[in-house]
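# Fold and geometry: a report
Single-letter residue listing:
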Amino acid sequence: ILELVGYQVEVECPPPARLFERIRTGQVDITVNVKGTKALENTVTFIDKPFTYLSIVLMTNLHVDNNKTVAAIRGYDYVGMRQVLESEGYTFFDMANSSDAIQLFQYGRTSHLATYEAPYLYHIKRNSNNIDDVTVSMRKDIPTFLAISNASEKKEELANKLSKLL
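Computed from a prediction, not measured in an experiment: that's the story for all the values here. (Residues numbered from 1 in each chain as written. Predicted model: local features only at pLDDT ≥ 70, side-chain atom pairs only at ≥ 80, totals over all residues. Heavy atoms only, no water.)

### Section: the packing of aromatic side chains
Following the criterion strictly, the structure yields four aromatic pairs and no others. Through pairs of rings, three or more aromatic residues link up here, namely Tyr76, Tyr78 and Tyr116. (Phe/Tyr/Trp six-rings, centres within 6.5 Å; stacked < 30°, edge-to-face > 60°.)

### What to know about the environment of Tyr107
One can find Tyr107 in the loop between helix H3 (98-106) and strand S6 (112-116). A sequence separation of 88 residues divides Tyr107 from Leu19, and the C-alpha atoms of the two residues are 27 Å apart. (Helix = DSSP H or I, 4+ residues; strand = E, 2+ residues; numbered from the N terminus.)

### Some thoughts on a nonpolar patch on the surface
A cluster of nonpolar residues, Ile1, Leu4, Val32, Phe51 and Leu165, forms a patch on the protein surface that exposes about 440 Å² of accessible area. As for its placement among the helices and strands, Leu4 is situated in the segment before helix H1 (16-25). For Leu4, a relative accessible area of 69% puts it in the exposed group. (Patch = residues over 30% accessible without salt bridge, like charges linked within 9 Å, V, L, I, M, F, W, Y side chains within 5 Å. Areas by Shrake-Rupley, 256 points an atom, 1.4 Å probe, with all protein chains shown as cover. Salt bridge = Lys/Arg side-chain N within 4 Å of Asp/Glu carboxyl O. Buried < 20%, exposed > 50% of the residue type's maximum accessible area, 1.4 Å probe, protein only.)

### Describing the nonpolar core
Grouped together as the largest cluster of nonpolar side chains are 22 residues, with contacts concentrated most on Tyr78, Phe92, Ala114 and Tyr116. In this structure Tyr116 touches Val34, Leu54, Ser55, Ile56, Tyr76, Tyr78 and Ile142, once residues within four positions along its chain are discounted. By size, the runner-up hydrophobic cluster in this structure holds 10 residues, among which are Val5, Tyr7, Ala159 and Leu162. (Core = buried A, V, L, I, M, F, W, Y, C linked by side-chain atoms within 4.5 Å. Contact = heavy atoms within 4.5 Å.)

### Quick notes on the pattern of salt bridges
All chains considered together, the criterion is met by four salt bridges. Put simply, Arg24 and Glu21 hold a salt bridge, and the shortest N to O gap is 2.6 Å. Of this pair, Arg24 and Glu21 are both found in helix H1, three residues apart, which corresponds to roughly one turn of the helix. Under the relative-accessibility criterion, Arg24 is labelled partly exposed at 48%. The exposure class of Glu21 is partly exposed, given its relative accessible area of 37%. The closest approach of N and O atoms between Asp94 and Arg82, which form a salt bridge, is 3.0 Å. Taken as a pair, Asp94 in strand S5 (residues 91-95) and Arg82 in helix H2 (residues 81-87) lie far apart in primary sequence, 12 residues in all.

Right under this line is the structure:
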């Protein structure tokens, strides 16, 4: 979509903390994110129309006793799922990125994994040593939006072009 409005696109998938810092300083002009990410408050301007939808899932390893432990990505609240589970007595083990959280879950160190479904499916396609007896115990489909860095030199231009295009 950015190429349609004349921009050269460079796709990166850094750890969340690094991405959020780059957005805050204007090194990254735009990202796709959910509204409500605390690390982006007062840092980005969202384009109003949803860009796509993501599924947040709570995976359960049926071979591990339900000890109310959840592997997750540090800094992600999973659109309120973290708070709900913590209020129910779940303990979160926060990892730097999705691959590390998935591995913690795969190795049976936690009974649950909070994740976006697409990265999980991508990970298990690429790795042969996956656990088989996994179920989705909670699912939440949420809209994602283009989020423009407030520190970007191209903020106004991007906002105008993308608002018209979407």
